[in-house]
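A closer look at the structure
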Amino acid sequence: VRRAVLFVPLAAGLLAAILSFAPEAPRLSSETRTAAEELRRAALSGSRASDWVQSLTDRAGARLAGSEGDRAAVAWALETLRAQGFANVRAEKVTVPVWKRGVETGELTAPHRHTLALTALGGSVPTPPGGIEAEVLEVDSLEMLEAKGAAASGKIVFFNKKMARSRDGSGYGKAVPVRSEGAIRAAKQGAVAVVIRSIGTDNNRLPHTGAMRENPTPDKIPAAALSNPDADLLARLVREGGPVRLRLTLGCRTLPDAESANVLGEVPGGALPEEIVLLGAHLDSWDLGLGALDDGAGCGIVLEAARLIGRLPRRPRRTIRVVFFANEENGLAGGKAYAATHAGELGRHAAAIEADSGTGRPFGFQWNAGTSAGPWLAEVGTLLEPFGANEMKAGGHGGADISRLVTAGVPLFGLFQDATTYFDIHHSANDTLDKIDPESLDRAVAATAVLAYCLADSPEPIERIPAAKRRLPRW
Ligand SMILES: [Zn+2]
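Below, the structure is looked at part by part. Here the structure is a predicted model, which means the values were calculated and not measured.

Time to look at the overall build of the protein. The helix and strand tally for the protein stands at 12 helices and 16 strands. Over its C-alpha atoms the protein spans a radius of gyration of 25 Å, differing by no more than 12% from the 23 Å that the globule rule assigns to 475 residues. In terms of overall dimensions, the protein has a C-alpha envelope of 90 × 65 × 40 Å along the principal axes. The buried share of the protein, taken over its 475 residues, is 56%. Contacts spanning at least 24 positions in sequence make up 84% of the contacts within the protein whose residues lie at least 6 apart. Taken as a whole, the protein presents about 19,600 Å² of accessible surface, with 55% of it coming from carbon and sulfur. Here the protein contributes 54 positively and 55 negatively charged side chains, and the mean placements of these two sets differ by 4 Å.

Here you go:
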């Protein structure tokens, strides 16, 4: 009896060892692979993604939440999805904050007079009509501001934190806290205004705007971003020792909330139409440029990827749902509204993919799902390898708009693009159509369409994000 008890686990172990050396069964069926290869060929031979970016930006212009451009963008999205034959095209109401830029001027008043290039940060309160003039206190971080204590009182705090250039754009996340939190912290220490070095990697005189976290207290102070060369000048003058003073005039203001919309359209699935693979990008933009890269490019990529899937003779099992999200830039109202409106069907969301990194060449995807998805994704990668888009990087939140779906465990994917020059342009007046690289967008369409098709056509959905990892990102 004892011998038999020993023998069973030994035999099972031996069998497992033999099986682990056996060649793995392919995870994608030949039908799935053939369709994915057809999508890849169609996208790489010249897609319409850049045409969609042109049509959106020429028609709607800048698209800050609640603006006329925002409304025109919603109309563009509805018309375009219908004209391209998408099913269940609809607008879902989203309440958005409305903030309007006004006059904005900056001037160095000591040690000499010089005009500064600056722009208000999103959500900033205005200055009095005559502006605010005060001495500058330079810090490089929120921590350094904290350490200065009462020294910030009565000053204009200058956050001088340089963003590092890199292929994955990771310098952005490291620089953002001074933009989102700087004014709240400086107000607490008695400062009268905040200027930050633009979060951007260029050296031209176009400043970069961006969102701030809403100050929950009544002590709001105006905040603006200086162009990088102006921030350099300010830093040099501070280093010389004498008092450096500047005057800041901002006429921006917050208006009552308005109505905007998430716009949806679908390619219905074959065998499992109630299960969804979401392809998302955000329809809104900042007001300074035309939002061609941020996120016109993403809108063009997901629309074209879904359109190509809809033209295939063989529909994938699951439904492909395109979502153009409202108000990513100024509060994420669209992403939050989608998660709330669709709470009841998030369990049937097999995956979500977001494109929101501009026009750079795609390298692959960042992904967050159960670990068993890894080998499956490696096999999908073999379809992306011919054009170098097969890097599958575990981690990340997929993208701001889809990040809320993490709490339902929806597997999240973010298109991973070359961001080396993206932050030269991002959130500045330079974000215009001429920056779009049509060939890179074609590659991005190919990568997105192939991954979406494989996710939608797999007999079993990939493993969801494990319960212990279903945490919202910090913002
Ligand atoms: Zn964006």
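Looking now at the sheet that holds strand 3 (residues 114-116). Taken in spatial order, the 8 strands make up an open sheet running 3-2-9-5-6-7-8-4, and their pairing is mixed. Since the sheet does not close on itself, it has two edges, and those belong to strand 3 and strand 4 (118-120), each with one partner. For this sheet the average axis-to-axis angle between neighbouring strands, irrespective of direction, equals 35°. In this sheet, strand 8 (residues 223-226) lies alongside strand 7 (residues 193-197) in parallel orientation, the contact comprising 4 bridges. What sits directly across from Val195, in strand 8, is Ala224.

One can find Asp356 in the loop between strand 13 (349-354) and strand 14 (362-368). Nearest to the buried, unbridged Asp356 among oppositely charged side chains is Arg63, at 9.2 Å. What Asp356 contacts, discounting residues up to four positions off in sequence, is His282, Asp294, Asp295, Glu328 and Tyr422.

Glancing now at helix 9 (residues 333-341). Where helix 9 is concerned, the buried positions are Ala333, Gly334, Gly335, Ala337, Tyr338 and Ala339. On its buried face, helix 9 is in contact with strand 1 (87-100), strand 10 (253-267), strand 11 (272-282), strand 12 (318-325) and strand 13.

A separate point is the coordination of the zinc ion. Only His282 (NE2), Asp294 (OD), Asp356 (OD) and Asp356 (OD) from the protein reach the zinc ion as donors, at distances of 1.9 to 2.7 Å. Because the angles between the 4 donor atoms bound to the zinc ion fall within 51 to 148°, the donor set is best described as irregular. Written as a sequence motif, the donor arrangement for the zinc ion is H-x11-D-x61-D. Here the residue His282 occupies a position in strand 11, and Asp356 occupies one in the loop between strand 13 and strand 14, the gap between them amounting to 74 residues.

We now examine the pairing of strand 14. Among the 7 residues that make up strand 14, 6 are buried, leaving the element largely enclosed by the rest of the structure. Here strand 14 runs beside strand 16 (residues 412-417); their pairing, made up of 6 bridges, is antiparallel. In the strand pairing of strand 16, Asn368 is matched with Leu412. Relative to strand 15 (residues 391-394), strand 14 runs parallel, the two being bridged by 4 bridges. In the sheet register, Gly364 faces strand 15, and the bridge partner there is Glu391. Taken together, strand 14, helix 10 (residues 373-384) and strand 15 constitute a β-α-β crossover, and its handedness is right-handed.

Our focus in this paragraph is the nonpolar core. General note: in soluble globular proteins, nonpolar side chains tend to be found buried as a group. In terms of nonpolar packing, the biggest core is built from 100 residues, with Val157, Leu283, Phe324 and Phe413 touching the most fellow members. Here the element with the most residues in this core is helix 12 (residues 438-457); it accounts for 13 residues. Setting aside anything within four residues of it in sequence, one finds Leu283 in contact with Leu56, Arg63, Ala73, Val74, Trp76, Ala77, Val263, Cys299, Phe324 and Phe325. Within the second largest apolar cluster, 27 residues are counted, among which are Leu64, Ala224, Ala231 and Leu237.

Adjacent strands of a sheet pair through backbone hydrogen bonds, lying either parallel or antiparallel. Across the sheet, which stays open at both edges, the 8 strands sit in the order 1-10-12-11-13-16-14-15 with mixed pairing between neighbours. The open sheet has two edge strands with one neighbour each: strand 1 and strand 15. Adjacent strand axes in the sheet meet at a mean angle of 25° when their direction is disregarded. In terms of strand pairing, strand 1 meets strand 10 through 11 bridges, oriented antiparallel. Directly across from Thr95, in strand 10, lies its bridge partner Glu259. Each of strand 1, strand 10 and strand 12 is contacted by helix 4 (residues 68-83), which is oriented at about 10° to strand 10, the strand it contacts most.

The next thing to look at is the packing of aromatic side chains. Each aromatic ring pair is characterised by the separation of its centres together with the angle its planes make. Inspection of every chain in the model, using the stated rule, returns 6 aromatic pairs. Here Trp99 and Trp286 contribute two aromatic rings whose centre-to-centre distance is 6.5 Å and whose plane-to-plane angle is 85°, an arrangement assigned as edge-to-face. Pair noted here: Trp99 is in strand 1 and Trp286 is in the loop between strand 11 and helix 8 (292-310), with a separation of 187 residues, a long-range link. Accessibility assignment for this pair places Trp99 and Trp286 in one class, buried. Taken together, the ring pairs in this structure connect Tyr172, Tyr422 and Phe423 into an aromatic cluster. The positively charged end of Arg167 is found above the aromatic ring belonging to Phe363, 3.8 Å away from the centroid.

Glancing now at helix 8. Taking 1.5 Å of rise per residue, the 19 residues of helix 8 would be expected to cover 27 Å, and the 25 Å separating its terminal C-alpha atoms lies within 8% of that figure. Most of helix 8 is tucked away: 18 of the 19 residues are buried.

Another point: the packing of helix 3 (residues 49-60) against helix 12. When two helices pack together, their arrangement is given by the angle between the helix axes and the distance between those axes. Put simply, helix 3 and helix 12 touch, their axes get as near as 8 Å, and they point 110° apart. Relative to helix 12, helix 3 is oriented roughly perpendicular. Across from Ala49, Ser50 and Val53 in helix 3, the residues of helix 12 making contact are Pro438, Leu441 and Val445. A per-class count over the contact of helix 3 with helix 12 returns 5 nonpolar, 1 polar and no charged.

The rules behind the values
Positions within a chain are numbered from 1, following the residues in the order the chain's sequence is written. Local features are withheld for residues below a pLDDT of 70 in this predicted model, meaning they are given only at 70 or higher, and side-chain atom pairs are given and counted only at 80 or more; totals for whole chains, interfaces and linings count all residues. In computing side-chain properties, one takes all heavy atoms of the structure into account and sets aside hydrogens as well as water. Going along the chain from the N terminus, every DSSP run of H or I of four or more residues is numbered as a helix, and every run of E of two or more is numbered as a strand. Values of the radius of gyration come from C-alpha atoms, whereas the globule rule sets the reference at 2.2 Å times the count of residues to the power 0.38. Residue burial is assigned from relative accessible area. The probe radius is 1.4 Å, only protein chains are included, and a residue is buried under 20% of its type maximum, exposed over 50%, and partly exposed in between. We call two residues in contact when some of their heavy atoms are within 4.5 Å. Here, Shrake-Rupley sampling with a 1.4 Å probe gives the accessible areas, and only protein chains in the shown set may cover a residue. The charge count treats Lys and Arg as positive and Asp and Glu as negative. His and the chain ends do not count. Positions of charges follow a simple convention, taking NZ of Lys, CZ of Arg, CG of Asp or CD of Glu. We treat two strands as partners when DSSP finds at least two bridges between them. Lines are fitted to the C-alpha atoms to define the axes, a helix being fitted only along its stretch in contact, and any angle between axes, read from their N-to-C directions, falls within 0 to 180 degrees. Think of a salt bridge as a Lys or Arg side-chain nitrogen and an Asp or Glu carboxyl oxygen that are within 4 Å of each other. Because water is not among the atoms used, a metal site may look incomplete, as its donors are only the N, O and S atoms within 2.8 Å, or 3.2 Å for Na, K and Ca. For four-coordinate sites, all angles between 85 and 135 degrees define a tetrahedron; for four- and six-coordinate sites, opposite donors beyond 155 degrees with the remaining angles between 65 and 115 define square planar and octahedral shapes respectively, and all other cases count as irregular. A clockwise path from the first strand over the helix to the second, with the strands pointing away from the viewer, defines a right-handed crossover. Nonpolar cores were defined as sets of buried Ala, Val, Leu, Ile, Met, Phe, Trp, Tyr and Cys residues, with membership established by side-chain atoms within 4.5 Å. When two rings of Phe, Tyr or Trp (its six-membered ring) have centres within 6.5 Å they constitute a pair, described as stacked for plane angles under 30 degrees, edge-to-face for angles over 60, and tilted for the intermediate range. A ring has a charge above it when a Lys NZ or an Arg CZ is no more than 6 Å from the ring centre and no more than 35 degrees off the ring normal. The span expected for a helix works out to 1.5 Å for each residue beyond the first. For classification purposes, an angle smaller than 35 degrees is called roughly parallel, one larger than 145 roughly antiparallel, one from 65 to 115 roughly perpendicular, and anything else oblique. Charged means Asp, Glu, Lys or Arg here, nonpolar means Ala, Val, Leu, Ile, Met, Phe, Trp, Tyr, Cys or Pro, and polar covers whatever is left, Gly included.

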